Amino acid sequence: MPEVENTIIIGSGPAGLTAAIYTARANLRPLVFEGLQPGGQLTITTEVENYPGFVDGIQGPELMDIMRKQAERFGSRHFYEFVDKVDLSERPFKVYVGGNVHLAKTLIIATGASARYLGIEDEEKFQGRGLSACATCDGFFFRDKEIMVVGGGDSAVEEANFLTRFAKKVYVVHRRDSLRASKIMQDRLMANPKVSMLWNKTITKYLPDETGQLVGVTLQDTKTGEEADTPIEGVFMAIGHTPNTAFLEGQLSTDDSGYLLVTAHTNTNVEGVFAAGDVADTRYRQAITAAGHGCQAAIDVEKWLEANDE
Ligand code: NAP
């Protein structure tokens, strides 16, 4: 039988890696499964300017590398592997990775959420080159530019309004002729002179310049099917997020969208299983809040082991 770990951390964004730093410094020798996108969502952004401590900003991938090294310095063990499933029905918990099973007294689920994209050709190549899914992170880079926000929900409306602080013009591209967003937010959007609506439209292609930077899109009319190219300097995707909870196969309580529900502190409904970061956060979704949440989960693990570990 494999050794029973004190804690296994699943996920390697700011929440998972901060949990790794804290549990490692508590001498718990955490085992971290980093998943398919080691470093999480920050590895697909470029400059991070709102993470405290970096006066000139820092590249997202570099920030995550630093966090990983900091955790490893205290004995955290990292594997670039994907957790297929877990079994929380008995203790120790079982974590299935490839053909192996790992055992743990506690788990920290920090698998994050993934912004939804349109799923059109070469989309990932434009991420960080004019295409973003985080207005708070990247809005600043679009000062005095003309940009589009895709979506018709509260996120799209909120982000479009927010982006008018920077952008010269914000076009909201929506596939239907009415918004899903709440009325009060719609009213605010419609009153904003920098915003124009592009109803019944969807993006079918991103257009690059010779360096690969986004300089335009092909817009399709969802009613007539007609297509036209239009220049644009940035596109923000706001068509929702998907929490990465499928591998849990319903063993933990979630809200209707699949986000983990935490009760007191970072506890899930299964004792000894804790959640941190975007996988349990539909509101803030920031690197710094995820890191803080990861710290809390690590302290909750420590306290749980103190109270329950014989
Ligand atoms: P959402 O409410 O699910 O809206 C997603 C939007 O994207 C919808 O308008 C949808 O169009 C569109 N969409 C989805 N897939 C698309 C595709 N493939 N192509 C084009 N458009 C697509 O997601 P959200 O706006 O991120 O909000 C998530 C939750 O957080 C909601 O409950 C929301 O109320 C809440 N939230 C609240 C606030 C706030 O109160 N301040 C702010 C942000 C979010 P259709 O309308 O045609 O389906």
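For the structure, see preceding data.
Residues numbered from 1 in each chain as written. Predicted model: local features only at pLDDT ≥ 70, side-chain atom pairs only at ≥ 80, totals over all residues. Heavy atoms only, no water.

With that settled, consider the overall build of the protein chain. Summing up its helical and strand segments, the protein chain has 6 helices and 19 strands in all. Over its C-alpha atoms the protein chain spans a radius of gyration of 21 Å, differing by no more than 12% from the 19 Å that the globule rule assigns to 310 residues. Dimensions of the protein chain, computed from C-alpha atoms along their principal axes, come out at roughly 65 × 40 × 35 Å. When burial is assessed residue by residue, the protein chain has 50% of its 310 residues classed as buried. For the protein chain, the share of sequence-separated contacts (at least 6 apart) that also reach a separation of at least 24 residues comes to 60%. For the protein chain, the exposed area adds up to about 15,200 Å²; of that, 49% sits on carbon and sulfur atoms. (Helix = DSSP H or I, 4+ residues; strand = E, 2+ residues; numbered from the N terminus. Rg over C-alpha atoms; globule rule 2.2 N^0.38 Å. Buried < 20%, exposed > 50% of the residue type's maximum accessible area, 1.4 Å probe, protein only. Contact = heavy atoms within 4.5 Å. Areas by Shrake-Rupley, 256 points an atom, 1.4 Å probe, with all protein chains shown as cover.)

Across the sheet, 5 strands lie side by side as β10-β17-β11-β12-β13; this open sheet has parallel pairing. Edge strands, defined here as strands with exactly one partner in the open sheet, are β10 (131-132) and β13 (195-198). Where strand β12 (residues 169-173) and β13 come together, 4 bridges link them in parallel fashion. By the bridge assignment, Val-173 is partnered in β13 with Leu-198. Along the sheet face, helix α4 (residues 154-163) touches β11 (146-150), β12 and β17 (234-237) and points at about 165° away from the line of β11. (Pairing = 2+ DSSP bridges. Axes fitted to C-alpha atoms, helices over the stretch in contact; angles between N-to-C directions.)

Glancing now at the sheet that holds strand β16 (residues 227-231). Here 3 strands make up an open sheet; going across it, the order is β14-β15-β16 and the pairing antiparallel. Here the strands that pair on one side only, and so sit at the sheet edges, are β14 (201-208) and β16. Geometrically, the sheet is characterised by an average inter-axis angle of 30° between neighbouring strands, direction not taken into account.

Attention now goes to the pattern of salt bridges. Using the criterion set out here, one finds 8 salt bridges in the structure. Between Asp-65 and Arg-68 there is a salt bridge, and its shortest N-O distance comes to 2.9 Å. Of the two residues, Asp-65 and Arg-68 both sit in helix α2 (residues 60-73), 3 residues apart, roughly one turn of that helix. With a relative accessible area of 37%, Asp-65 lands in the partly exposed category. (Salt bridge = Lys/Arg side-chain N within 4 Å of Asp/Glu carboxyl O.)

The environment of the ligand is made up of 14 residues, and the closest members are Asp-154, Ser-155, Glu-158, Arg-176 and Arg-180. In the model, an oxygen atom of the ligand is placed 2.6 Å from a nitrogen or oxygen of the Ser-155 side chain. At 2.9 Å from a nitrogen atom of the ligand is found a side-chain nitrogen or oxygen belonging to Glu-158. Relative to its free-state accessible area of 920 Å², the ligand is covered by the protein chains to the extent of 65%. Here the shell around the ligand takes 3 residues from α4, the largest share from any one element. Of the residues contributing to the shell around the ligand, the split by class is 3 nonpolar, 6 polar and 5 charged. (Near = heavy atom within 4 Å. Polar contact = N/O pair within 3.5 Å; in protein donor to acceptor, adjacent residues only side chain to side chain. Nonpolar A, V, L, I, M, F, W, Y, C, P; charged D, E, K, R; others polar.)

Residue Arg-91 is joined to Pro-92 through a cis peptide bond whose omega torsion reads -10°. Inspection of the secondary structure puts Pro-92 in the loop between β6 (83-87) and β7 (93-97). Even without glycine at this site, Asn-27 takes up a positive phi of about 65°. The topology assignment puts Asn-27 in the loop between α1 (14-25) and β2 (31-33). By relative accessible area, Asn-27 is classed as exposed at 66%. Although it is not a glycine, Asn-200 adopts a positive phi angle of roughly 50°. For Asn-200, the location among the structural elements is in the loop between β13 and β14.

Turning next to the environment of Ala-297. Locating Ala-297 in the fold gives a position in helix α6 (residues 287-308). Residues Ala-297 and Ala-110, spaced 187 residues apart in sequence, show a C-alpha to C-alpha distance of 9.5 Å. Setting aside its immediate chain neighbours within four residues, Ala-297 contacts Ile-108, Thr-266, Phe-274 and Ala-276.

Take α6 next. The terminal C-alpha atoms of α6, which comprises 22 residues, lie 31 Å apart, in line with the 32 Å expected from a rise of 1.5 Å per residue. All of the buried residues in α6 are Ala-287, Ala-290, Ala-291, His-293, Gly-294, Cys-295, Ala-297, Ala-298, Asp-300, Val-301, Trp-304 and Leu-305. Residues of α6 that are buried in the fold lie against β1 (4-10), α1, β8 (100-109) and β19 (273-275). (Expected span 1.5 Å × (residues − 1).)

This next bit is on the environment of Val-172. For Val-172, the location among the structural elements is in strand β12. Through-space distance from the C-alpha of Val-172 to that of Val-157 is 8.0 Å; in sequence the pair is 15 residues apart.

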